[in-house]
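Residue strings, one per chain:
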Amino acid sequence: MVETVSISRCHGGTQGFYRHASREIGLPMRFSVFTPAAAAQARVPILLWLSGLTCTEENFTIKAGAQRLAADAGFLVVAPDTSPRDTGIEGEDDDWAFGTGAGFYLDATVEPWSRHYRMESYIIRELPGVIADAFPGDPQRMSIFGHSMGGHGALSLALKNPGMFR
């Protein structure tokens, strides 16, 4: 179940911030969604944005101004957080390049990180279904892009999952 944190009118559509209990991460995860007015008529293409190191679901959403262009083109824009937060793992906040905010869109393989740091599985296996169930986005017309660590993540995930993204 997706919980609405906040929602505002924006360029004829809505900009919302949400959270849900993630089965892949084992903790609550946050994301933002811009829904264009065109989504009232039919499912629209999805643009999945992956942010860079240390960012949250708010950075791109607040700073980029992409909503106007997404409204004009009729795209749903999804921006997930970059990593799990508040895992309780000792040392997760000691280094900005490792731990909180630095999920690298990969699945950790070593304990204790592997219990919660499963960003690849979250982005590939879970988030598209969450979006398709709760929002008027068309998962058959989904693209992925990003900046910095998110750009690397987008390229890596697209190459590892041929046919999933357009």
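If you're wondering where the values come from, they're calculated on a predicted model, not measured in any experiment.

## Details of helix H3 (residues 119-134)
Given 3.6 residues per turn, any residue in an α-helix points the same way as the ones three and four places further on.
Logical step 1: Its maximal kink placed at Glu126, H3 deviates by approximately 45°, while the proline Pro128 follows within four residues.
Logical step 2: Burial runs high along H3: 12 of the 16 residues are buried.
Logical step 3: All of the buried residues along H3 are Met119, Glu120, Ser121, Tyr122, Ile123, Ile124, Glu126, Leu127, Pro128, Val130, Ile131 and Ala132.

## Focus on unusual backbone geometry
Logical step 1: The linkage connecting Glu111 with the following residue, Pro112, adopts the cis geometry, with an omega of 0°.
Logical step 2: By the secondary structure assignment, Pro112 is in the loop between strand S5 (76-80) and H3.
Logical step 3: Phi at Thr54 is positive, roughly 75°, even though this residue is not glycine.
Logical step 4: Counting through the fold element by element, Thr54 comes out in the loop between strand S4 (44-50) and helix H1 (57-63).
Logical step 5: Taking relative accessible area as the criterion, Thr54 reaches 40% and is therefore assigned partly exposed.
Logical step 6: Within the chain, Phe104 stands out as a residue other than glycine whose phi angle is a positive 55°.
Logical step 7: Tracing the backbone through its elements, the reader meets Phe104 in the loop between S5 and H3.
Logical step 8: A relative accessible area of 35% places Phe104 in the partly exposed class.

## Examining the sheet that holds S5
Logical step 1: One open sheet accounts for 6 strands, arranged S1-S2-S3-S5-S4-S6; its pairing is mixed. In the strand order of this sheet, the two ends are held by strand S1 (2-10) and strand S6 (137-146), each with one partner. With strand direction ignored, the average angle separating the axes of adjacent strands in the sheet is 20°.
Logical step 2: Looking at chain direction, strand S3 (residues 28-35) and S5 are connected through 4 bridges and run antiparallel. Paired with Phe34 across the strands is Val77, a residue of S5.
Logical step 3: Its contacts with the sheet place helix H4 (residues 149-160) against S4 and S6, and it is angled at close to 130° to S6.

## Description of the nonpolar core
Logical step 1: With 28 residues, the main nonpolar core has Phe31, Leu48, Val78, Ile123 and Ile131 as its most contacted residues.
Logical step 2: Those elements that place two or more of their residues in this core are S3, S4, S5, H3, S6 and H4.
Logical step 3: If you tally residues by element for this core, the top one is H3, at 7 residues.
Logical step 4: Contact partners of Val78, with chain neighbours within four places excluded, come to Phe31, Ser32, Val33, Ile46, Leu47, Leu48, Trp49, Leu127 and Ile131.
Logical step 5: Membership of the second largest hydrophobic core comes to 9 residues, among which are Cys10, Leu47, Ala70 and Val77.

## Some remarks on a negative patch on the surface
Logical step 1: Taken together, the side chains of Asp86, Glu90, Asp93, Asp94 and Asp95 present a region of like negative charge at the surface.
Logical step 2: Structurally, Glu90 is set in the loop between S5 and H3.
Logical step 3: Given the relative accessible area of 77%, Glu90 is considered exposed.

## With respect to the packing of aromatic side chains
Logical step 1: According to the stated counting rule, one finds 8 aromatic pairs in the structure shown.
Logical step 2: Plain terms: the ring middles of Tyr18 and Phe135 are 4.9 Å apart, the flat faces sit at 75° to each other, and that makes the pair edge-to-face. Of this pair, Tyr18 sits in strand S2 (residues 13-21) while Phe135 sits in the loop between H3 and S6; the two residues are 117 residues apart in sequence, bridging distant segments of the chain.
Logical step 3: Between Phe31 and Phe135, the aromatic rings sit 6.1 Å apart at their centres with planes inclined by 80°, giving edge-to-face as the arrangement. Of this pair, Phe31 sits in strand S3 while Phe135 sits in the loop between H3 and S6, and the two are 104 residues apart along the sequence. Each member of the pair Phe31 and Phe135 is classed as buried.

Each value, and the rule that gives it
Residues numbered from 1 in each chain as written. Predicted model: local features only at pLDDT ≥ 70, side-chain atom pairs only at ≥ 80, totals over all residues. Heavy atoms only, no water. Bend = angle between axes of the 7 residues up to and from the residue. Helix = DSSP H or I, 4+ residues; strand = E, 2+ residues; numbered from the N terminus. Buried < 20%, exposed > 50% of the residue type's maximum accessible area, 1.4 Å probe, protein only. Pairing = 2+ DSSP bridges. Axes fitted to C-alpha atoms, helices over the stretch in contact; angles between N-to-C directions. Contact = heavy atoms within 4.5 Å. Core = buried A, V, L, I, M, F, W, Y, C linked by side-chain atoms within 4.5 Å. Patch = residues over 30% accessible without salt bridge, like charges linked within 9 Å, V, L, I, M, F, W, Y side chains within 5 Å. Areas by Shrake-Rupley, 256 points an atom, 1.4 Å probe, with all protein chains shown as cover. Salt bridge = Lys/Arg side-chain N within 4 Å of Asp/Glu carboxyl O. Lys, Arg positive; Asp, Glu negative; His and termini not counted. Charge placed at Lys NZ, Arg CZ, Asp CG, Glu CD. Phe/Tyr/Trp six-rings, centres within 6.5 Å; stacked < 30°, edge-to-face > 60°.

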